[in-house]
Amino acid sequence: MSNTTPPVIYLEEVGSTNDFAQELFRNHQIVNGTCIAASHQTNGKGQRGNKWFSERDQNLTFSVIFLPDTLQVSRHFMLNIIFSLAVKDYLYAAGILLATVKWPNDIYINGHKMGGILIENSIRGEMISSVIAGFGININQENFDNTIFPIPTSISLETGKKRIVKSELENLLPFVFKRFHQLDLNMDDELREEYKACLYKINEPAIFTSGSEEWTGTIKDITAEGKLIIEIISGKRMEYNFKEVQLMR
């Protein structure tokens, strides 16, 4: 990253900030660190193909485009780690001290989801040539679909204080850039330990599903590749990739 502040493109409405960012990238209309923020997304995307619903003007919905020089494909999970930690840094600065990360990169407060990150990469050979990180962070929204379990939360609900959404973007972005810079500092082991320390449900019995099966296990660790290590009742430890297992409760 250069010392020049990357541009922020504000949109009143867009289908998906990640899709808009992809279009800019294809047309070579970006510089490293470009941010696209929207007051409202009509087709926001979450992990596992889920939709991300957000009330207009109430929350942060934005994407940041990075053009790394030396990021190997083998380190792809470090992106989940650094962007999750950036949101946790931001929340800590906002007075929310106990945020956790539900593997791989959903942000939880008191057992309720308040944000998520969708990372889309382009690959050239053994290197990641571009990264589009889409963030959805609940800021002021207080009414959520009560069919979602657990019911989501927001900074407003947790603190009792409304915030200026555009100002919150300005507060969060420096943490994102700082954490991304750490990828160049040979800190993978330290960052992985920091991420593991704030993993949701780590060392606690929890309910998981894989395929049509539901079972009890305990998260013990993550591998360098980002696989979740779960200890099942027999004491055996199993490794799971994303989409092979889902933490239910």
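Keep in mind the model is a prediction, meaning the values are calculated, not measured.

Caption draft 1: Just the sheet that holds strand β7 (residues 127-137), in detail. Spatially, the seven strands line up as an open sheet ordered β1-β2-β3-β7-β6-β5-β4, and their pairing is mixed. The open sheet has two free edges, formed respectively by β1 (8-11) and β4 (100-102), since each of these has just one partner strand. Here the average twist between neighbouring strands, direction ignored, is 20°. With four bridges connecting them, strand β5 (residues 106-109) and strand β6 (residues 112-124) associate as antiparallel partners. Its bridge partner being in β6, Ile 107 is matched across the sheet by Gly 115. Each of β1, β2 (35-38), β3 (60-66) and β7 touches helix α4 (residues 165-181); the most contacted strand, β3, lies at about 30° to it.

Caption draft 2: Spatial organisation of the packing of aromatic side chains. Taken as a whole and assessed by the stated rule, the structure comprises eleven aromatic pairs. Residues Phe 66 and Phe 180 carry aromatic rings whose centres are separated by 3.9 Å and whose planes lie at 10° to one another, so their mutual orientation is stacked. Taken together, the residues Phe 66 in strand β3 and Phe 180 in helix α4 connect sequence positions 114 residues apart. Assigned by exposure class, Phe 66 and Phe 180 land together as buried. Judged by centre distance (5.7 Å) and plane angle (85°), the rings of Phe 83 and Phe 135 are edge-to-face. Taken as a pair, Phe 83 in helix α2 (residues 77-93) and Phe 135 in strand β7 lie far apart in primary sequence, 52 residues in all. Among the aromatic side chains, those forming a connected cluster through ring pairs are Phe 62, Phe 66, Phe 83, Phe 135, Phe 177 and Phe 180.

Caption draft 3: Spotlight on the pairing of β1. Looking at chain direction, β1 and β2 are connected through four bridges and run parallel. By the bridge assignment, Ile 9 is partnered in β2 with Ile 36. Remark: the β1/helix α1 (residues 17-26)/β2 crossover connection has right-handed handedness.

Quick notes on the rules
- Residues numbered from 1 in each chain as written.
- Predicted model: local features only at pLDDT ≥ 70, side-chain atom pairs only at ≥ 80, totals over all residues.
- Heavy atoms only, no water.
- Pairing = 2+ DSSP bridges.
- Helix = DSSP H or I, 4+ residues; strand = E, 2+ residues; numbered from the N terminus.
- Axes fitted to C-alpha atoms, helices over the stretch in contact; angles between N-to-C directions.
- Contact = heavy atoms within 4.5 Å.
- Phe/Tyr/Trp six-rings, centres within 6.5 Å; stacked < 30°, edge-to-face > 60°.
- Buried < 20%, exposed > 50% of the residue type's maximum accessible area, 1.4 Å probe, protein only.
- Right-handed = clockwise from strand over helix to strand, strands pointing away.

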